[in-house]
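Tertiary structure, described
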Amino acid sequence: MTVSDTELTSLAASHDIISLGMLADDARRRRHGARTTFVRVANVALAGDTAQTPSPLAGEVRIVGTPASRAAAVERVAQVAAAIAGSRGVALSGFSLADLEELSAREGVTLRALLEELRAAGLELVAEAPFDRLHDARRSIEEVNIAGLALARLTIHQLPSPDPLPLLKAVADLQRAVAVIRAFAPLPRTVNPAVPTTGYEDVTRVALARVIVDNVASIQVDWSLYGPKLAQVALTVGADDVDGVSAEDDMTEGRRRAPLEEIRRNIRAANQEPVERNGRFDVVVR
Amino acid sequence: MPNITGLSERVRAGERLSGDEALELYRQAPTALLGRLADAVRARKHPGGIVTYIIDRNVNYTNVCVAKCNFCAFYRPVGSPEGYVLGFDELFRKIDETIAVGGVQLLLQGGHNPDLPLTWYEDLFRAIKARYPAFKLHALSPPEVIHLSRLSQLPVPAVIDRLIAAGLDSIPGGGAEILVDRVRKLLHCYGKATADEWLDVMRHAHRAGLRTTATMMYGTVETDAERLEHLLRLRDLQDERGGFTAFITWSYQPANTELGGSEATGVDYLRTLALARIVLDNFDNLQASWVTQGGKVGQLSLAYGANDMGSVMIEENVVRAAGAAYCMDEVEIVRNIEDAGFAPKRRNMHYEILGDPIFRERDVPRMLELATARADGDTSVPDELMNYPARSRAAKQLRIIPN
Ligand code: SF4
C-alpha cells in the first residue's frame, strides 16, 4: 500500500494517533507478523576497566564513548574482542559513525582506513549512525560497508525540526541509495529536558517512520532510553525491534522483574511474540 | 471477530454492554479498537474537545497505619521512628503554597492512625475552613471513614455528618483497590473495608449530598473478570445514586511493597482505561493517571477515553514510596493537553470549569519536582497532638513526655 504525500501530511498533522498507529501496525505486521525481536546489550566503556568481561548473556557487546584517538579506539576494540573471543554468537559493536568521521579528519586518515583498522582489531558493527550528525551520511555508510563492517542502526541524535516528514523522507532516500540499513530508530537520542517530546509526538514519529521508511526492515525503539511503557506502546504502532535490553539478568527484584522476563512479558502483553536476536539479527537460541 | 464487530457497533451507538459482553470485548478486541471505542464515548460525553485538570495538593497527613495492606509501600507501623503526623501549621503552610500556584483544594488522605481521634479531624477541618473559607477539602477515602467509625464507635453516616459539619466538601475514591472480596483478602485489605463496606460509605456520602470519585488499582492478583466486576459494581451504584464525579484507575506500583511482583504494562493500562470508559457509561469523567504511567502514556490516555489530566501534583508521597515519581506542573500539563489537540481548562472537584490556565493569567512559579509530606529526617511531633487522647502505648508515652 502506498500513501500519497498529501495523505502523509494530513496524517502527520492529525491528532488521530489511533488511526495512524493502525496504519503503521498493518505495515509492520505485513513485514514481520506478530514477531518482535530484541537484543540484549552489554555496554563497555571506551576508557573502562580493561579486565572487564562483558556479560555472557549479551547478544551484542557495545563499546560506548567518544574515542580520544585512533590508537585508543583500536586498542580498546582489540581488548574487548579478545575478552569475548570464546562467546560465539555475540557481535562486537562500537562507536558513533559521526565520531569516527571526526576522528578520521582529526588524525588525517581516511574514514575507510580507520574503519578497516577497527575491523582488523575485531569490530563487527558500527553501533550507530546518527543521521543528523553525519557530514556525509551516504558516503560514510557506504564506507562502513566497503570496509567489511555492518551498521547496527541508523539513529537520530536530536530532532532538527518538529515536522517529522522531511527527516523521515530523507532517511528513506538514504536507504534507497545505500541499501544497507537494517534498523532505524526514529526517536531522538537526546531531548531538551525542559521540553521533552510528548507521547503523541513519539507515537506519531514511530508510526510515520514505519509508513514512510518502508525500505528499512526494522523500526527500532530503545528499551533503556525510552523506558518500558513508551517502548511497549511503540511496538503497537509500527516498531518491531527493541534495542538496549540489559544483558545483566539481575534477579534481586524477583524473576518477573529481571530484564529478560520483563521484556518478554511486555512484548506478549502487546499481543506480539518475543524473539531474542543478537547484534547480527540472528535468532538466539539458549 | 463477528461478535466483536457487533459489540463495537453497539458501543458506538451508545448502548450499554452487559458484563459478559464487556469481558468478551476486553479479551478479544485489539488495543487500537478498544481505544477507538473509548474515544468515541469520550467524544460523545465531551463534544467540545475540552480536557480538564485541577490545581490541588495531595497531602498525606500521617503515614502511621494499622491496616498493613501488602501492596502499600507508604505506611509505617505504630511506634515506627519513621512514622509522622503533620501539624496544623505545616498543613496551613502547604495550603498557602497551593494557593500561590492557583490551587483550590487539598486532597487529604492518610494512614489509619489509631492515635488520631475523630475530634482531631474535626478541629483540623474547622481550622482550615476558618483560615481559608473558599478552599475545598477533598478528604478521607472510604476506608479512613470506616476506621474513624470504628475508632469513635459511631455509625458511618454519623461520622460523615460530623465531618461535613466540620468542613468536608467531598470524598476521594481511594482504598477501592479491586471491589471483590477474594482479591481484598489476598491483598490484606479486606479488614480495612470489604467491597460492600467501601460502596456503602460512598452510598452514605452521596445520600448526605457529597460528590465523590471512584478508583481502581489493578494489576495485583485479580483476574480480568474481577477487574470488570469492580467496574460493574461502580456502575450499579452510580445508577442508584449518581454521586460519582469521576473514575480514576492506576496500576499497582510494586517497588518496596511486601507483595512485590511486577507492574502491569503501559498497554495494559491503556486497555484497562478504555474498558472503563466503555463500561462506565454513567460516569462523566475519566482521569489519566500520569502519576503512575508517566507523562507520555498519561498523555496517550487522552486517546483512550480520558478527558481529564487529574491534578497538577505539588506533592505526592504514596506512589513515590512505591517507586514512581513523575512530575508535571501546570505548564507541562497544558502543553501535553494542547499537543494532543484538546483545549485545556482548569476545574474544581465538581468538574465545574474555573477558567483557562492560570499561568497565562499571571506569573506562577514553575514546579519541576514534587514536594514531600515532610523533609527527610524531620521527626518533630506537632504540639496540638498533646490535646488528643492516644490509644497506642507508643503514642501515649510520647504525649505524656513531649519532645
Ligand atoms: S494503603 Fe492505606 S490503609 Fe493500606 S496500609 Fe497503606 S496507608 Fe494503610
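A quick note: this is a predicted structure, and the numbers were derived from the prediction, not measured.

1. Overview of the interface of chain A and chain B
Of the residues lining the interface, 27 residues belong to chain A; the matching set on chain B comes to 30 residues. Buried surface at the junction of chain A and chain B, both sides included, amounts to about 2,300 Å², of which 59% is carbon and sulfur. At the boundary of chain A and chain B, one finds two salt bridges. As a salt-bridge pair, Lys229 of chain A and Glu263 of chain B come within 2.5 Å of each other at their nearest N and O atoms. Here chain A and chain B share 15 residue pairs in polar contact (both at pLDDT 80 or more) between them. Counting residues per element, the ones that place at least two in the side of chain A that touches chain B are helix H2 (17-32), helix H8 (199-212), helix H9 (223-235) and helix H10 (259-269) of chain A. Its residues assigned to classes, the side of chain A that touches chain B shows twelve nonpolar, eight polar and seven charged.

2. Structural notes on unusual backbone geometry
All names here are of chain A. The phi angle at Phe95 is positive, at roughly 75 degrees, despite the residue not being glycine. Position of Phe95 relative to the elements: it lies in strand E3 (residues 91-96). Judged by relative accessible area, which is 3%, Phe95 ranks as buried. In the Ramachandran plot, Ala179 falls in the positive-phi region, its phi being about 60 degrees despite a non-glycine side chain. Along the chain, Ala179 falls in the loop between helix H7 (164-178) and strand E7 (183-188). Ala179 gets classed as exposed once you look at its relative accessible area, which sits at 57%.

3. Topic: the side chain of Asp202 of chain A
Assignment of secondary structure puts Asp202 of chain A in helix H8. In this view, Asp202 of chain A contacts Leu187, Thr197, Tyr226 and Leu230 of chain A together with Lys296 of chain B; residues no more than four positions away in its chain are not counted.

4. A look at the site of the ligand
Residues in contact with the ligand, as listed here, are Cys65, Ala67, Lys68, Cys69, Phe71, Cys72, Tyr75, Gly111, His112 and Lys192 of chain B. Among the residues forming the shell around the ligand, the class breakdown is six nonpolar, two polar and two charged.

5. Looking at the pairing of strand E3 (residues 136-139) of chain B
Residues and elements named next belong to chain B. Sheet analysis places strand E2 (residues 105-109) next to E3, joined by four bridges and oriented parallel. Among the inter-strand pairings, Leu107 is bridged to a residue of E3, identified as His138. Considered for its hand, the β-α-β crossover made up of E2, helix H5 (residues 118-131) and E3 is right-handed.

6. A few points about the environment of Ile50 of chain B
Within the fold, Ile50 of chain B resides in strand E1 (residues 50-60). Along the primary structure Ile50 of chain B and Ala127 of chain B are separated by 77 residues, whereas in three dimensions their C-alpha atoms are 36 Å apart.

7. Quick look at the side chain of Asn336 of chain B
When you line up the elements, Asn336 of chain B lands in helix H14 (residues 330-339). Residues within four places of Asn336 of chain B in sequence aside, it is in contact with Thr198 of chain A together with Gly295, Gln299, Met309 and Met328 of chain B.

8. Comments concerning the pairing of strand E5 (residues 211-218) of chain B
Residue and element names in this part refer to chain B. Within E5, seven of the eight residues are buried, leaving the element largely enclosed by the surrounding structure. Sheet analysis places strand E4 (residues 170-171) next to E5, joined by two bridges and oriented parallel. Residue Ile171 lies in a different strand from E5, and its bridge partner there is Thr212. Where E5 lies against strand E6 (residues 244-251), seven bridges are found, and the strand directions are parallel. The residue of E6 that forms the bridge with Thr215 is Ile248.

9. A word on the packing of aromatic side chains
Tallied over the entire structure, the rule returns eight aromatic pairs over all chains. Their ring planes at 85 degrees and their centres at 5.4 Å tell us that Tyr61 of chain B and Tyr121 of chain B sit as a pair that is edge-to-face. Of this pair, Tyr61 of chain B sits in the loop between E1 and helix H4 (88-100) while Tyr121 of chain B sits in helix H5, placing them 60 residues apart in sequence. Seen from their ring centres, Phe244 of chain B and Phe283 of chain B are 5.3 Å apart, and the 15 degrees between their planes marks the pair as stacked. Of the two residues, Phe244 of chain B is situated in strand E6 and Phe283 of chain B in the loop between helix H11 (266-279) and strand E7 (285-287); the sequence distance between them amounts to 39 residues. Joined through ring pairs, the aromatic side chains of Tyr61, Phe88, Trp120 and Tyr121 of chain B make up one cluster. In this structure, Arg277 of chain A packs its charged tip against the face of Phe281 of chain A, placed 3.6 Å from the ring centre. Here the guanidinium or amino end of Lys185 of chain B rests over the ring plane of Tyr190 of chain B, the centre of that ring lying 4.7 Å away.

10. Quick word on the confidence of the model for chain B
With 97% of its residues at a pLDDT of 70 or more, chain B has an overall mean of 94. Confidence metrics for the complex model read pTM 0.94 and ipTM 0.91.

11. Some words on the pattern of salt bridges
Residue and element names in this part refer to chain B. A full pass over the atoms with the stated rule returns 45 salt bridges over all chains. The shortest N-O distance in the salt bridge between Arg27 and Asp224 comes to 2.8 Å. On the criterion of sequence distance, the pair formed by Arg27 in helix H2 (residues 19-28) and Asp224 in helix H10 (residues 224-241) is long-range, its members being 197 residues apart. Look at Arg27 and you get partly exposed, because its relative accessible area is 48%. Residue Asp224 is classed as partly exposed on the basis of its relative accessible area of 24%. The partner of Arg150 in a salt bridge is Glu197, with the nearest N and O atoms 3.6 Å apart. Of this pair, Arg150 sits in helix H6 (residues 142-152) while Glu197 sits in helix H9 (residues 195-207), and the two are 47 residues apart along the sequence.

12. Things to note about H10 of chain B
Residue and element names in this part refer to chain B. Under the 1.5 Å per step criterion, the end-to-end length of H10 is 26 Å for 18 residues, consistent within 8% with the ideal 26 Å. Considered for burial, the residues of H10 that qualify are Glu226, Arg227, Leu228, His230, Leu231, Leu234, Arg235, Leu237 and Gln238. Lining the buried residues of H10 we find H2, helix H8 (181-186), H9, E5, E6 and H11. Looking one or two places after H10, you find Gly242, whose phi comes out positive at around 65 degrees.

Conventions used here
Residues numbered from 1 in each chain as written. Chains lettered and ligands numbered in written order. Predicted model: local features only at pLDDT ≥ 70, side-chain atom pairs only at ≥ 80, totals over all residues. Heavy atoms only, no water. Contact = heavy atoms within 4.5 Å. Buried area = accessible area lost by both parts, 1.4 Å probe. Salt bridge = Lys/Arg side-chain N within 4 Å of Asp/Glu carboxyl O. Polar contact = N/O pair within 3.5 Å; in protein donor to acceptor, adjacent residues only side chain to side chain. Helix = DSSP H or I, 4+ residues; strand = E, 2+ residues; numbered from the N terminus. Nonpolar A, V, L, I, M, F, W, Y, C, P; charged D, E, K, R; others polar. Buried < 20%, exposed > 50% of the residue type's maximum accessible area, 1.4 Å probe, protein only. Near = heavy atom within 4 Å. Pairing = 2+ DSSP bridges. Right-handed = clockwise from strand over helix to strand, strands pointing away. Phe/Tyr/Trp six-rings, centres within 6.5 Å; stacked < 30°, edge-to-face > 60°. Lys NZ or Arg CZ within 6 Å of the ring centre and 35° of its normal. pLDDT = per-residue confidence, 0-100. Expected span 1.5 Å × (residues − 1).

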